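# Remarks on the overall topology
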Amino acid sequence: MLENDSYEGFSIESGQEDVGDMWLIPLKLLDDDSRAIHLDAVAGLSIKEGQRGFVGDPLRMMLIGLEEDSRLPYVIESGGKAVGVLTLQSGAARLAGWADDDSAWLLRGFLIDARSQGRGLGSRAACAAVQEARKLTARLGGGQAGVVLSVNERNPAGQAAYRKAGFVDAGRYLGGSSGPQRIMHKALG
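Structure report, in brief. (Residues numbered from 1 in each chain as written. Predicted model: local features only at pLDDT ≥ 70, side-chain atom pairs only at ≥ 80, totals over all residues. Heavy atoms only, no water.)

With that out of the way, let us pick up the pattern of salt bridges. One pass over the structure, following the stated rule, counts seven salt bridges. The salt bridge partner of Asp 32 is Arg 35, with a shortest N-O separation of 3.0 Å. Here the residue Asp 32 and the residue Arg 35 both occupy positions in helix H2 (residues 32-43), the gap between them amounting to three residues, near one helical turn. Look at Asp 32 and you get exposed, because its relative accessible area is 59%. For Asp 113, the salt bridge is made with Arg 115, and the minimal N-O distance between the two is 2.8 Å. Relative accessible area serves as the criterion here: at 2%, Asp 113 is assigned to the buried category. With relative accessibility at 58%, the residue Arg 115 sits in the exposed group. (Salt bridge = Lys/Arg side-chain N within 4 Å of Asp/Glu carboxyl O. Helix = DSSP H or I, 4+ residues; strand = E, 2+ residues; numbered from the N terminus. Buried < 20%, exposed > 50% of the residue type's maximum accessible area, 1.4 Å probe, protein only.)

Core analysis: the largest hydrophobic core is formed by 28 residues, its most contacted members being Ile 76, Leu 86, Leu 88, Leu 107, Phe 110, Tyr 162 and Phe 167. Looking at this core, the elements with two or more residues in it are strand E2 (22-26), strand E3 (71-78), strand E4 (81-89), strand E5 (104-112), helix H4 (121-140) and strand E6 (146-152). Counting residues per element, this core draws most heavily on H4, which supplies eight residues. Aside from chain neighbours lying at most four places away, what touches Tyr 162 is Leu 107, Phe 110, Ala 126, Leu 149, Val 151, Phe 167 and Met 184. One finds Leu 30, Leu 39, Val 42 and Met 62 within the second-largest nonpolar core, a separate group that totals 13 residues. (Core = buried A, V, L, I, M, F, W, Y, C linked by side-chain atoms within 4.5 Å. Contact = heavy atoms within 4.5 Å.)

This next bit is on the packing of aromatic side chains. Scanning all chains against the criterion turns up two aromatic pairs. Both rings, one in Phe 110 and one in Tyr 162, keep their centres 5.7 Å apart while their planes meet at 50°; by these two values the pair is tilted. Taken together, the residues span a long stretch of sequence, with Phe 110 in strand E5 and Tyr 162 in helix H5 (residues 156-164) at a distance of 52 residues. Of the two residues, Phe 110 and Tyr 162, neither departs from the other in class, the shared state being buried. When the centroid spacing of 5.8 Å and the interplanar angle of 65° are considered together, the rings of Tyr 162 and Phe 167 count as edge-to-face. Both residues of the pair, Tyr 162 and Phe 167, count as buried. Through a chain of ring-to-ring contacts, the aromatic side chains of Phe 110, Tyr 162 and Phe 167 assemble into a single cluster. (Phe/Tyr/Trp six-rings, centres within 6.5 Å; stacked < 30°, edge-to-face > 60°.)

Put simply, the largest pocket is a space of about 1,200 Å³. If you trace the largest pocket, you find 47 residues lining it, with Phe 54, Val 55, Gly 109, Phe 110 and Tyr 162 closest to the centre. Those elements that place two or more of their residues in the lining of the largest pocket are helix H3 (58-67), E5, H4, E6 and H5. Ranked by the residues each element gives to the lining of the largest pocket, the list is headed by E5, at seven residues. Broken down by class, the residue content of the lining of the largest pocket amounts to 19 nonpolar, 21 polar and seven charged. (1 Å grid on protein atoms, 1.4 Å probe; cavity = no way out; pocket = protein on both sides within 12 Å on 5 of 7 lines; lining within 4 Å. Points joined across faces, edges and corners; volume = space filled by probe spheres on them. Nonpolar A, V, L, I, M, F, W, Y, C, P; charged D, E, K, R; others polar.)

Set out below in structure tokens:
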């Protein structure tokens, strides 16, 4: 379980993960005013009709992430605007069909705004999430060796983006509420 005080003295500047013109903004590290501005931008994200079965409401995902100690919600920014969201969660890898909860970070609630898709942001954000998980593991000492996620088998674009980011298929998972999933994993090393 992560504790909020684990971030004491951790500045937002060092908390942002730069991947070209894309940044991961850690919502839990922002002051209330900055967080409200970012959440307002998240509320304006759009989801393609065909993707609604794979992803949840981005604002709801971020709000849940702010409430749970084990979840770390991030806004994905590019060109100075919110283009997506993702959450890293400790102690929950089985939710993606992984063998145990603690050997990997769970990447969940990941989506790129419909208007920003097709620019490689999904793959770049997935790479940035792995870099962020590596830093979190080193700082918090959780012992995670990788990042795991599940992606719906009917979502070939998502699968391709994760493969491009270096994730490998680790088998099938039938526990998802929206149908069969592919378990994908990337080592932190």
